[in-house]
There are 2 protein chains.
Amino acid sequence: MTDTKFTELQEMRSAALIISKYFEIPTPLLFSPSLSEKLGAEVWLKCEFSNPIGAFKLRGGLNLISALADKNCSHVVTASTGNHGQSIAYAARLFQIAATIFVPENANPDKADSIKRFGAEIKYVGDNFDSCRSAAIEYSRELNARYIHPANEREILSGVGTAALEVLEAGGQLKDADVVIVPVGGGSGVCGWILARDELSSPTKIWATQSAQASAAYESWISGKLVTSPNLTTSEGLSTGDGYSLTQEIMRNGLDDFILADDSEINDAVAIMLETQHVLLEPAGAAALAAAIKAKENIKSKRVVLVCSGSNISRAQLKNIID
Amino acid sequence: MTDTKFTELQEMRSAALIISKYFEIPTPLLFSPSLSEKLGAEVWLKCEFSNPIGAFKLRGGLNLISALADKNCSHVVTASTGNHGQSIAYAARLFQIAATIFVPENANPDKADSIKRFGAEIKYVGDNFDSCRSAAIEYSRELNARYIHPANEREILSGVGTAALEVLEAGGQLKDADVVIVPVGGGSGVCGWILARDELSSPTKIWATQSAQASAAYESWISGKLVTSPNLTTSEGLSTGDGYSLTQEIMRNGLDDFILADDSEINDAVAIMLETQHVLLEPAGAAALAAAIKAKENIKSKRVVLVCSGSNISRAQLKNIID
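About the thresholds
Residues numbered from 1 in each chain as written. Chains lettered and ligands numbered in written order. Predicted model: local features only at pLDDT ≥ 70, side-chain atom pairs only at ≥ 80, totals over all residues. Heavy atoms only, no water. Pairing = 2+ DSSP bridges. Helix = DSSP H or I, 4+ residues; strand = E, 2+ residues; numbered from the N terminus. Axes fitted to C-alpha atoms, helices over the stretch in contact; angles between N-to-C directions. Contact = heavy atoms within 4.5 Å. Buried < 20%, exposed > 50% of the residue type's maximum accessible area, 1.4 Å probe, protein only. Domains from an automatic or database assignment. Buried area = accessible area lost by both parts, 1.4 Å probe. Salt bridge = Lys/Arg side-chain N within 4 Å of Asp/Glu carboxyl O. Polar contact = N/O pair within 3.5 Å; in protein donor to acceptor, adjacent residues only side chain to side chain. Nonpolar A, V, L, I, M, F, W, Y, C, P; charged D, E, K, R; others polar. Least-squares fit on C-alpha atoms with pLDDT ≥ 70 in both. Disulfide = S-S within 2.5 Å. Phe/Tyr/Trp six-rings, centres within 6.5 Å; stacked < 30°, edge-to-face > 60°. Expected span 1.5 Å × (residues − 1).

Participant: Provide a residue-level description of the sheet that holds strand E6 (residues 146-148) of chain B, including the pertinent values.
Facilitator: All names here are of chain B. A sheet is described by the order of its strands in space; here 4 strands give the open sequence E5-E4-E3-E6, paired in parallel fashion. Each having just a single partner strand, strand E5 (121-124) and E6 make up the two edges of the open sheet. Each adjacent strand pair in this sheet contributes to an overall mean axis angle of 20°, direction not counted. Relative to E5, strand E4 (residues 98-103) is paired through 4 bridges, and the arrangement is parallel. Looking at E5, one finds that valine 103 is bridged to tyrosine 124. Strands strand E3 (75-79) and E6 of the sheet are contacted by helix H3 (residues 57-70), whose axis makes an angle of about 165° with E6. Set on the sheet, helix H6 (residues 129-143) makes contact with E3, E4, E5 and E6; between it and E3 the angle comes to about 160°.

Participant: Quick rundown of the sheet that holds strand E5 (residues 121-124) of chain A? Include the residues and the values.
Facilitator: Residues and elements named next belong to chain A. Here 4 strands make up an open sheet; going across it, the order is E5-E4-E3-E6 and the pairing parallel. The sheet is open, and its two borders are formed by E5 and strand E6 (146-148), each paired with just one other strand. In this sheet, neighbouring strand axes are inclined to one another by 20° on average, regardless of whether the strands run parallel or antiparallel. Here strand E3 (residues 75-79) runs beside strand E4 (residues 98-103); their pairing, made up of 5 bridges, is parallel. Pairing of threonine 78 across the sheet is with isoleucine 101, part of E4. Set on the sheet, helix H5 (residues 109-117) makes contact with E4 and E5; between it and E5 the angle comes to about 145°.

Participant: Tell me what's going on with the pairing of strand E10 (residues 303-308) of chain B, and back it up with residues and numbers.
Facilitator: Residue and element names in this part refer to chain B. The element E10 is largely enclosed, with a buried count of 5 among its 6 residues. Taken together, the 6 bridges between strand E2 (residues 42-47) and E10 define a ladder with parallel strand orientation. Looking at E10, one finds that lysine 46 is bridged to valine 307. Judged from the 3 bridges that link them, strand E7 (residues 179-183) and E10 form a sheet pairing that is parallel. Following the sheet pairing, valine 180 is matched in E10 by valine 305.

Participant: Talk me through the domain arrangement of chain A; I want residue IDs and the actual numbers.
Facilitator: Residues and elements named next belong to chain A. Taken as a whole, chain A is organised into domain 1 (9-55 + 155-322) and domain 2 (57-153). A straight line from the C-alpha centre of domain 1 to that of domain 2 covers 22 Å. The interface of domain 1 with domain 2 comprises 41 residues on the first partner and 32 residues on the second. Interface of domain 1 and domain 2: buried area, both sides summed, is about 2,800 Å²; carbon and sulfur atoms make up 56% of it. Of all residues in domain 1, Ile53, Glu155 and Ile156 bury the most surface against domain 2, accounting for 25% of the area lost on that side. On the surface where domain 1 and domain 2 come into contact, there are 5 salt bridges. Taken together, the connections running from domain 1 to domain 2 amount to 23 residue pairs in polar contact (both at pLDDT 80 or more). Mapped onto the side of domain 1 that touches domain 2, the elements with two or more residues apiece are helix H1 (9-19), helix H7 (154-168), helix H10 (245-254) and helix H14 (315-322). Of the residues belonging to the side of domain 1 that touches domain 2, the class tally is 16 nonpolar, 17 polar and 8 charged.

Participant: I'd like a rundown of the relation of the copies chain A and chain B, residues and numbers included.
Facilitator: Two copies of one chain are present, and they are related through a rotation about an axis combined with an axial shift. Overlay of chain A on chain B (RMSD 0.0 Å): rotation 180°, translation along the axis 0.0 Å. Such values leave the two copies arranged in the relation of a two-fold axis. Nearest to the rotation axis, the C-alpha of leucine 280 of chain A is located 2.8 Å from it, this being the minimum over chain A.

Participant: Can you break down the state of the cysteines residue by residue, with the values?
Facilitator: Residue and element names in this part refer to chain B. Scanning the entire structure with this criterion turns up 0 disulfides over all chains. Distance from the sulfur of cysteine 73, which forms no disulfide, to the nearest cysteine sulfur (cysteine 132) is 20 Å. Note on cysteine 73: relative accessible area 18%, which makes it buried.

Participant: Please set out unusual backbone geometry residue by residue, giving values where relevant.
Facilitator: Residue and element names in this part refer to chain A. Cis rather than trans, the peptide bond between isoleucine 25 and proline 26 has omega equal to -5°. At glutamine 96, a residue that is not glycine, the phi angle is positive and equals roughly 55°. Mapped onto the elements of the fold, glutamine 96 is located in the loop between helix H4 (83-94) and E4. Given a relative accessible area of 74%, glutamine 96 falls into the exposed group.

Participant: Give a detailed account of the pattern of salt bridges, specifying residues and quantitative values.
Facilitator: All names here are of chain A. Here the structure, examined in full by the defined rule, presents 40 salt bridges over all chains. Across the salt bridge formed by glutamate 166 and lysine 46, the nearest N and O atoms sit 2.7 Å from each other. Highlighted residues: glutamate 166 in helix H7 and lysine 46 in strand E2 (residues 42-47), separated in sequence by 120 residues. Residues joined in a network through salt bridges with shared partners are Lys46, Glu48, Arg59 and Glu166.

Participant: Any chance you could break down the interface of chain A and chain B for me, citing the residues and the numbers?
Facilitator: On the side of chain B, 33 residues touch chain A, which itself brings 33 residues to the contact. Summed over both sides, the interface of chain A with chain B buries roughly 2,900 Å², with 53% coming from carbon and sulfur. Among the residues chain A hides against chain B, the three largest losses belong to His278, Arg315 and Ile322 of chain A. Together they make up 23% of the total. The tally of links from chain A across to chain B stands at 6 salt bridges. Here arginine 315 of chain A makes a salt bridge to glutamate 275 of chain B, at a shortest N to O gap of 2.5 Å. The interface formed by chain A and chain B contains 18 residue pairs in polar contact (both at pLDDT 80 or more). Elements with a contribution of two residues or more to the side of chain A that touches chain B: strand E1 (29-31), helix H2 (33-39), H5, helix H11 (263-277) and H14 of chain A.

Participant: Can you lay out the side chain of serine 66 of chain A for me, pointing to particular residues and giving the numbers?
Facilitator: Examined against the element boundaries, serine 66 of chain A turns out to sit in helix H3 (residues 57-70). If we ignore the near neighbours within four places in the chain, the residues touching serine 66 of chain A are Ile18 and Phe95 of chain A.

Participant: Now, about the packing of aromatic side chains: what can you tell me, with residues and values included?
Facilitator: The full count for this structure, using the stated rule, is 12 aromatic pairs over all chains. Measuring from ring centre to ring centre gives 5.0 Å for tyrosine 90 of chain A and phenylalanine 118 of chain A, while their planes differ by 80°; the resulting arrangement is edge-to-face. One end of the pair, tyrosine 90 of chain A, is in helix H4; the other, phenylalanine 118 of chain A, is in the loop between H5 and E5, with 28 residues separating them in the sequence. Their ring planes at 45° and their centres at 5.8 Å tell us that tryptophan 221 of chain B and phenylalanine 258 of chain B sit as a pair that is tilted. Placement of tryptophan 221 of chain B in helix H10 (residues 216-223) and of phenylalanine 258 of chain B in strand E9 (residues 257-261) is noted, with a sequence separation of 37 residues between them. Members of the aromatic cluster, each reached through a chain of ring pairs, are Tyr218, Trp221 and Phe258 of chain A.

Participant: Quick one: what's the story with the environment of glutamine 10 of chain B, residue by residue and with numbers?
Facilitator: Topologically, glutamine 10 of chain B is positioned in helix H1 (residues 9-19). Measuring from C-alpha to C-alpha, the distance between glutamine 10 of chain B and glutamate 199 of chain B comes to 9.9 Å, with 189 residues separating the pair along the chain.

Participant: Lay out H4 of chain A in plain terms, naming residues and giving numbers.
Facilitator: Given 3.6 residues per turn, any residue in an α-helix points the same way as the ones three and four places further on. All names here are of chain A. With 12 residues, H4 extends 17 Å from end C-alpha to end C-alpha; this agrees with the ideal 16 Å at 1.5 Å per step. Counting buried positions over the 12 residues of H4 gives 10, a clear majority of the element. Positive phi shows up at glutamine 96, right after H4, with a value of about 55°.

In structure tokens, the structure reads:
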């Protein structure tokens, strides 16, 4: 077992036990007749918005915070564009741990409201994810609180990997899926899929997708080193300007393809999902559909799972997309 | 056992076995932190839009069509404002039975498109549900095809009742729910809940809700006889001008309360569900939330399940509600 391939099946199974106490798993894997027709493939939606915070992140948050509670941690600090912050805030309240969440000043207001509703302290810093990450690290040092990295955390990866187990393991929802497409910001989600797929020795291909307007993970994966790249996407769930060490190492070893989609294509995917499947997704949550549309020729007649990672779209974003 | 209390637990369990082959059950029961805060209650959403047609009706359609296939039925005819028609069309294709669906001329275009996509013959007649129901009955007689009533069908009730079993039975998702609120058109959905609740001897209260602009089921329930009443709602999933014999008898014996909400309140509920919980529902699907808001004082501190019965909102409806 190498350093990176640490997240064994047993850790994911333990994580699933923890998660199952707080929301219902497996989340639905929904066959989409309309998208199947549109793409000439057998299209399934892994509904990772189906939990109390509306985003896949809660799997990792619950698993990590549960582990920190066992170690008597009393205060956690993290940075987030919203969903990771909601996840940590929600889980921390359940385990009675104080939480401080740094978000960009232009954060999605619905996500920020939720963080506050869950009882966390919220701090607005800077104009994107990268600047509030630095502030969070500094603040955690001042307070001697536990800084939570959005992706380089073992328990986050084994937590989010539980979604992949639900689909790919023997007796799972669709163990013979040909391709799973996963949206990427820092990469925790896609790494959960890669680790689970490898542990299960499944032949399923794992593809990542990212906004072309914030392509640090893609650039890092292509070049084989950690790259900093402009972070200009309007899809805040995909917003990051840096490749991260742990997730990049896992992606280098196990990711089968990586598709960039423009923000406009991602927004179109939100509209298509609304109109044809009547599923509400935030832009990041619809990125896998944008990638599938771009890769239409390569998925023809295949069984494809689109990971619909979150639904936390603001009214302004939705109005803009519908108009 | 009386005539009406025919849908025994065993029939529902058999229905669940059939349904589970075609989509994933139980559908999610989602805790809503934001709606709980808003209503001062513990609010849970039964996500009945979580299946390939986006509406609870598919449970009943699969169960009935499966039974008809066993009897070598070759052609079914029904009338629908959309979701029942999608359900019958989808199930009929699976069982290789021809289907003709009568819909009103102003039918929700997304629902009509789905009916055609599922390979059914579609016929547009009249300006509301009631007129296309008469046409469907006549057509079925001409062809000697099996007419499917939208609610007075034993297998439809036991099919839709499976949702209630998932929540209320021992070991279910929330067996100690205080109140379940169910949107009503013809009443098949709410009757499934009543029958299951009674069979399980559960103390949970079942409340119905309907549009004040199409209140035939309410008027029939209040007066104890089958009433015809103006059918002017813009929420096509709740559209009906008549009380139906079978569902009214079950409601008379087992329904605990009935709340009317105006179309405008129902549309507001769609917007609230979008903004606070980021769940997309069609107006009928959000009617239970509209009722909960109206009955806020009566649900305080209670465990309340809102049955979110469908998500098939058209772009025009959604745009209108967001603007």
